[in-house]
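Fold and contact review
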Amino acid sequence: MASTAASASMAPTGPPGATDASPPPVPPARVKPPAPPPEPAPPPPQAAAPPPPPQPQAPQQPAPVRLNEMPWFHGKILRDRAEELLSPGDSPDGLFLVRESTNFPGDYTLCVVFSAKVEHYRVIARNNSLTIDEEEFFENLSKLVEHYRADADGLCTRLTKARPLAGGGEGGEGGGAVYRDVHIQAFKDAGWVINEGELKVSNLATMSPNISSLAILHVLCYIFLLPSTLGLRR
């Protein structure tokens, strides 16, 4: 009897019609995977480094310019002295010298022997050039003599031989004093001339007191040598 009662007490007491079947399992909730971390922002673009300051350049040294010897130039001598030096009675045609003009200061005179006489040709200095006939123009006496040595071109005769200074000689041999000139174009090409457009008074006024001697030389060459037709040196 006691076991019957115990069995009865262990019987399920659920509502009528209930069974002992288990409820269906509930599927687990879907979990979203965590979002990937945001990518780091790119660094801001760096400003380009400024270019290095230009290095100061040493001033370019002008190239040397060869001076042309003029052994046939006798400077300031009189007409009579020129004729005496040429000795026309004993000299060949074409013997010549050049002197400064005594009647036209600033001009020159080409003296040349022809037919036992001395002919004197005025060499006119005009606009930084030289001319005899005002048709052919030359930048200096060396160019003029070179031209008339190649061709008489209106003179009484072609220049053939120079009468050098006493103690001098053709090419300067003999150790005597010899005048020289320079070709203006060679002077420009070598860098010794400042263009007129680059020379301003305002610039000169603001120049540093430590201006180089080379710059001073450029200015002096421009002022004194260019206006001169020859730039004669002894």
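Figured I'd write up the structure that's included with this text. (Residues numbered from 1 in each chain as written. Predicted model: local features only at pLDDT ≥ 70, side-chain atom pairs only at ≥ 80, totals over all residues. Heavy atoms only, no water.)

Pairing is mixed in the open sheet, where five strands are placed in the order 5-4-3-2-6. In the strand order of this sheet, the two ends are held by strand 5 (129-131) and strand 6 (161-162), each with one partner. One ladder, built from two bridges, connects strand 2 (residues 95-100) with strand 6; its direction is parallel. Note that in strand 6 the partner of Leu95 across the bridge is Lys161. In this fold helix 2 (residues 79-86) packs onto strand 2, strand 3 (108-114) and strand 4 (117-126), with an angle of close to 160 degrees to the strand it touches most, strand 2. Packed onto the sheet, helix 3 (residues 141-150) meets strand 2, strand 3, strand 4, strand 5 and strand 6 and runs at close to 155 degrees relative to strand 2. (Pairing = 2+ DSSP bridges. Helix = DSSP H or I, 4+ residues; strand = E, 2+ residues; numbered from the N terminus. Contact = heavy atoms within 4.5 Å. Axes fitted to C-alpha atoms, helices over the stretch in contact; angles between N-to-C directions.)

With that out of the way, let us pick up unusual backbone geometry. Here the phi dihedral of Ala116 falls at roughly 65 degrees; this positive angle occurs in a residue that is not glycine. With respect to the element layout, Ala116 can be found in the loop between strand 3 and strand 4. Given the relative accessible area of 48%, Ala116 is considered partly exposed. Located in the positive-phi region is Asn128, a residue other than glycine, with phi close to 60 degrees. In this structure, Asn128 sits in the loop between strand 4 and strand 5. (Buried < 20%, exposed > 50% of the residue type's maximum accessible area, 1.4 Å probe, protein only.)

Taken by themselves, the reported measurements are silent on function.
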